[in-house]
Structures are given as structure tokens and as C-alpha cells.
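Chain residues, written in single-letter form:
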Amino acid sequence: MCLRALGMPNEQIGSGTAELENTFRSVSRDRRLLVVLDEVTEPGHVRSLTSKGEGSIVLATSNRRLGELALRDVELVELDVFDPAAAKELLGELCGHAAVDADPDSAGRLAELCGGLPTALRIAAARLHSDRLTLAQLADELADERRRLGRLTVQGTNSTGVSATLSLAYRDQTEPAARLYRVLGDLPGVSFDSGVVAAAAVLDTETSTRLLTALSGAHLVHRADDGRYQLHTLVRLHAQETARKTDPPETERQIVQRVTTHYLALVTLADLTVRADRLRILDIGEVLQQPADRIDTLVRHSPFAVSDTPDRDAIGWLEAERPNLMAVLRAAVRFGFDRQAWQLAEALTVLFLHHRHLVDWRESLALGADAAHQDHQPAAEARLRSMLSRPLLDLRQDDRALAELEAATDLADRSGHPVLPGSVREFLGRYWDRRDPERAAAAYRESLELNQRAGEARGAALARYFLGRALLVAADGADGVPERNADGSRAAEAERELRAVHEEFLGLTGVDGKPAPDRRMAARAPADLGRAQARIGATRNARAMQGRAIEALVELTEDSGEQRQLLVL
């Protein structure tokens, strides 16, 4: 075709590939050509049609990565999908700017539903013309994920559909890569690494990485700058449809169970890395599938133990994985994996104590509490419902928070768990903090007594800390007028409790008997102790304590806490 276009008679055109290539190089040597090759599938296509004429250029497009061409002085440019503005611009070019300008919201929604994919946008524009639809009508049609790919097809020409285009790329894959593609469609979450994929597909990490590279080369999978992989929205739908047609009905359920098990173990290790002596209802040995005497070794050799700040690395990983973890939790609940669901929700709390994503926190605990109820685990349900009160209070859903706390108190008292009743009453004190400092102090005293009776040192320290804060608030009185009598007053009592608790946080030991100070809470205690000392007139001590609090908070990089204490100082 190229030789004919350059004016060569048919009778002079050879038949073999090598002969044709040589002829093309000869004919093009004295010409300055632009050669455009669309939808190249093999690097050889580009090599065969590279003009030798001075100033000539070859521009090739492909849905595959043609990396080996880089060895031949070729510049490789990878194009992403269109951003929202560019997608709307293309829609305007295809179906008229007047239509887009008249309904920009529907145009934006349509661009989002097409995922910025130019092929999908062109097909959408063709349907707007052929079916005489408005932007809003087509957007409404595509809103249903189950029908979206089928609707992104021009009637009577299946070859122009998004699904048909993706099916061509899928059919070119080896059987192992094609199977992995279907697995990715059933994978909960928005991104994934090779370890998660290996767990989902029952592969070793090296094999999963190799297959992901193959799928990435075909642009069925996108590899982000952080090394994680993602599926385009429409590609995910195609992978799901293909899996439904190809694999047994129970395949998705099995994938979700394997991924949930994988993530649950990692989240539990992250939780243990941050704070080993936290109250937990889940059985760590059961989750990690290890005997009790192996847990400490497992934590020391976990993925988070490779740096000097394993606790920060653990929290950073949890924060990065949060969208995936929430998706896995929802999938576990959907398939009825109740035991794993509430265990995951409990372990995941460590993230929300450091990064307060209140809506996600509320959802995860509510899902976990319901799963614990289904699993007939009253202690787990009590624990999760009591913790659920925290995001509910911060979201100003106080009535629901009290209802959860009342249910948790009853469940904890009936569970027979030695530590849980004291913990639940600490959360109950948090509720009364905002309304009645005296009732809050009474709840904290009860929590302190129960924790001491159970030998729970950290729980007792937390109860004492919050008791001191409640007494400090009570010292100001309901009308905001401070008490005048410092001797034996609630302010003086608050000062004594807070002075004692700072050392308690620093003196905590882990489950192995080794020192395990709670530096985060130990950093907060001096700030409140300084307030109490200022309240009873010990101004010099108060200033010194606020200085210690600031230093500790700076060391923990809790910037908001540092600013707050600077204000107090």
C-alpha cells in the first residue's frame, strides 16, 4: 500500500517481506515523508516502514507498549485518558458545543461515566446522534454499571463497541494472563500491588508481577508512579463480564475470601506494630495463623519493621490502603464473611485513631458491629459499638452514640470478658464529657476501678487521664465560673490524677513484659496537667509542663496538637 502510494507500479512490487522492506527503503531514501501508522500491534510494523529519507518522521500509535523500539532511537510517549475538561471538549467537537454548553452538568457526568476514555467518548457521541438522545438521557443510561458496556455500542456495529475493543486485547493474552485479568475484575478495591494479586489468584509474587507486566503492556492494566496497579473503570467492568461468562459462579466469592484473609493479616500486623498492648477481642493467633509464641517474631519481621520508625510506616501504609481496605470490608460483609469482617473493622481502628476519616470510621465500625452480631460474638459487638460512639459524637450524632453505648454496656457486662466492661465505661464517659462533667467523672472512676480489678494497666491509665480532664472541666462549673476554693477542689484532684497518669503511660509494658511506653498519650498528658496546674495557681509549673508537651508533640509530628498547646502556653 505504501509503495503504491509512492507511485510504484504493481508489476515492480515484490512479494516477500524482506524484498518489500528493501524496496520501501530505496524508494523513500530521497523523499521527506511523514508516515503515520495507526493501531500498531508489533514493533516490526514500525521497523518495516521507517523511512530513510532525511527529515522524515514516523508517527505510530498503539494500545500496546512497544518498549523495544526505544533501542532504535524512538521516542515513546504514553498518553493517559482525558481529564474532565478535555473529555468535555471532545464531546463538544463530536456532538456540538452548543449541546454541551446548554447542559454542562450532564456533559461532565457523561465524561466521567466514560472514564475519559476517547474511544468511549466517541461511541457515546455516535449514540447521541444515531439514537437521538440528549446528554442527560445517555448519562442516565450509563449510570447502571451492569448495562454500561452494552450501552457503549453503536447498534448494528458491534466492532465499534468498547467491549469489542477490549475483547480483542483480552484474546491476545496468554491463558495465565487472561485468567489473571478476570481475577482483577473481581478484586475489591481501587488499586492493588503484586502481593494482593498473588493472594487473590493463588500465585507466587514473581509470577503475579510478570503477568501484571504483560497486562500493563497491553494497556489492560495501568501501573501508577507508586508501583501500584489500577484498572480503568470500563476495563474493570469488561473484566467482570468476562469472568462471569468464563469462570464458575463461586469464583468471585473465593477471590474475596482470599483477599480479605490477606489484608486482615497485614492490618493486624500494622496494628500490633503501632501498639501491641491495645485491648483486642480478635484472636491474634487465629488471624495470623501462628501459635502465640510466634507472634512477637512475626511482628519484628513484618513489612513495617524494615525502618527506624515502623509505627509511622504502618500508619502510612494503612492510610494509603484505606480505600482498598474499605472496599474489602464491604465485600466481606456482602459475602457473609462475618468473622473476618468484624476482625478487620476492629484492627482497622488504629488508622482512624491517627487519621480521623470520620465517615469511613463510622461505616467500618457499624459494618463490624453488625458482623459480630451475626457471628454471635457479644464481646466483639460490644467493643465495636462502644468505639462507634467516637465518630458518631464527632459527627454530632449524639443520640445514636448514646444508643450504641447503652447496647455496648449491656453486651459487655454479659460477655464475661474481664477487661471490656471497664473499656466501655471509658467510652461512656466520653459521651458525658460534653454534657455533664460530674457524670463523666463517675463513669471514668467506674472504668478505673474495673480496669484495676482486671489488671489492665493501659486501660486504667486511660481512665485516669480522662477522669483528670473531666474533673478539670467540672472545676469550671456549669456556668463557667471557676471554683474559688483550691484546697481539695476538683481542680486540685484533677492535677493529682493527671500528674500520676503521665508516669503511668511512660511505665507501661508490653505483652512480653518489656517496656512499651505509650508516647502518644504521654505527650498529651503534660498539656492537660499544665492546664490543671495553671488552674490551681501553679503558673511556673504550668508553663514548664506546656513546654514539655510541645516538645513531645513536635517529636510525634502532631502539628495540630503543637499549635493548640502553643495557644494554651
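Residues numbered from 1 in each chain as written. Predicted model: local features only at pLDDT ≥ 70, side-chain atom pairs only at ≥ 80, totals over all residues. Heavy atoms only, no water.

Caption draft 1: Region of the structure containing a nonpolar patch on the surface. Together, L34, V36, I57 and L59 line one region of the surface with nonpolar side chains, adding up to about 410 Å² of accessible area. Secondary structure elements with two or more residues in the nonpolar patch: β1 (34-37) and β2 (57-60). Mapped onto the fold, L34 is located in strand β1. (Patch = residues over 30% accessible without salt bridge, like charges linked within 9 Å, V, L, I, M, F, W, Y side chains within 5 Å. Areas by Shrake-Rupley, 256 points an atom, 1.4 Å probe, with all protein chains shown as cover. Salt bridge = Lys/Arg side-chain N within 4 Å of Asp/Glu carboxyl O. Helix = DSSP H or I, 4+ residues; strand = E, 2+ residues; numbered from the N terminus.)

Caption draft 2: Spotlight on the nonpolar core. The biggest cluster of nonpolar side chains holds 143 residues, and the ones touching the most others in it are L152, L184, L187, L318 and F505. Ranked by residues supplied to this core, first place goes to helix α15 (residues 251-274) with eleven residues. The contacts of F505, once residues within four sequence positions are left out, are A461, L462, Y465, P517, D518, M521, A522 and A525. With eleven residues, the next largest nonpolar core counts L6, F24, V35 and L69 among its residues. (Core = buried A, V, L, I, M, F, W, Y, C linked by side-chain atoms within 4.5 Å. Buried < 20%, exposed > 50% of the residue type's maximum accessible area, 1.4 Å probe, protein only. Contact = heavy atoms within 4.5 Å.)

Caption draft 3: Examining the environment of L348 more closely. For L348, the position within the fold is in helix α19 (residues 338-354). For L348, a relative accessible area of 2% puts it in the buried group. The spacing of L348 and S489 is 141 residues in sequence and 40 Å in space, taken between C-alpha atoms.

Caption draft 4: Representation of the pattern of salt bridges. A complete count under the given rule lists 38 salt bridges for this structure. Note that E286 is salt-bridged to R339, the shortest N-O span being 3.4 Å. Of this pair, E286 sits in helix α16 (residues 284-288) while R339 sits in helix α19, and the two are 53 residues apart along the sequence. The exposure class assigned to R339 is partly exposed, which follows from its relative accessible area of 31%. Here R400 ties to E404 by a salt bridge, and the two come within 3.8 Å at their closest N and O atoms. Note that R400 and E404 are positioned in helix α22 (residues 398-415) at a spacing of four residues, about one turn of the helix. E404 gets classed as buried once you look at its relative accessible area, which sits at 11%. What you see here is one network of salt bridges that share partners, running through D370, E381, R385, R400 and E404.

Caption draft 5: Looking closely at the packing of helix α6 (residues 104-113) against helix α8 (residues 135-142). Close contact between α6 and α8 brings their axes to 9 Å; oriented N to C, the two are set at 35 degrees. Regarding α6 and α8, the two cross each other, and that crossing is left-handed. For the pair formed by α6 and α8, the contact residues are S106, A107, R109, L110 and L113 on the first element and L135, A136, L138, A139, D140 and L142 on the second. Residue classes in the contact of α6 with α8 are distributed as eight nonpolar, one polar and two charged. (Axes fitted to C-alpha atoms, helices over the stretch in contact; angles between N-to-C directions. Left-handed = near helix turned anticlockwise from the far one by under 90°. Nonpolar A, V, L, I, M, F, W, Y, C, P; charged D, E, K, R; others polar.)

Caption draft 6: View of helix α12 (residues 194-201). Of all the eight residues making up α12, six are buried; the element is thus mostly covered by neighbouring parts of the structure. Buried within α12 we find S194, V196, V197, A198, A200 and A201. Tucked into the core, α12 has its buried residues touching α11 (175-185), α13 (205-217) and α15. Sitting at the amino-terminal end of α12 is D193, which places a side-chain oxygen 3.1 Å from the backbone nitrogen of G195. Of the residues one or two after α12, V202 is the one with positive phi, at around 55 degrees. (Polar contact = N/O pair within 3.5 Å; in protein donor to acceptor, adjacent residues only side chain to side chain.)

Caption draft 7: Highlighting α6. The set of residues buried in α6 consists of S106, A107, L110, A111 and L113. Buried residues of α6, seen end-on, are gathered within an arc of 165 degrees and therefore sit on one face of the element. Set apart from the buried face of α6 by more than 90 degrees, the exposed residues are D105 and E112. Looking at the buried positions of α6, the neighbouring elements they touch are α4 (84-95), α5 (97-102), α7 (118-130), α8, α9 (145-151) and α14 (233-246). (Arc of directions from axis to C-beta.)

Caption draft 8: Structural detail: the packing of α19 against helix α20 (residues 358-374). Relative to each other, α19 and α20 sit at 150 degrees, their axes nearing to 8 Å. For the element pair α19 / α20, the angle class is roughly antiparallel. Crossing of α19 over α20 shows left-handed handedness. Counted together, D338, A341, W342, A345, T349, F352 and L353 of α19 and D360, W361, S364, L365, G368, A371, A372 and Q374 of α20 form the full contact between these two elements. (Parallel < 35°, antiparallel > 145°, perpendicular 65-115°, else oblique.)

Caption draft 9: Main features of the state of the cysteines. Evaluated as defined, the whole model comprises zero disulfides. Its sulfur unpaired, C114 is 11 Å from the next cysteine sulfur, which belongs to C95. Given the relative accessible area of 0%, C114 is considered buried. (Disulfide = S-S within 2.5 Å.)

Caption draft 10: Just the side chain of R464, in detail. Tracing the chain through its elements places R464 in helix α25 (residues 457-475). We classify R464 as buried; its relative accessible area is 15%. At a separation of 2.8 Å, a polar atom in the side chain of R464 contacts the side chain of E504. Every residue in contact with R464, bar those within four places of it in the chain, is listed here: L448, Q452, E497, A500, V501 and E504.

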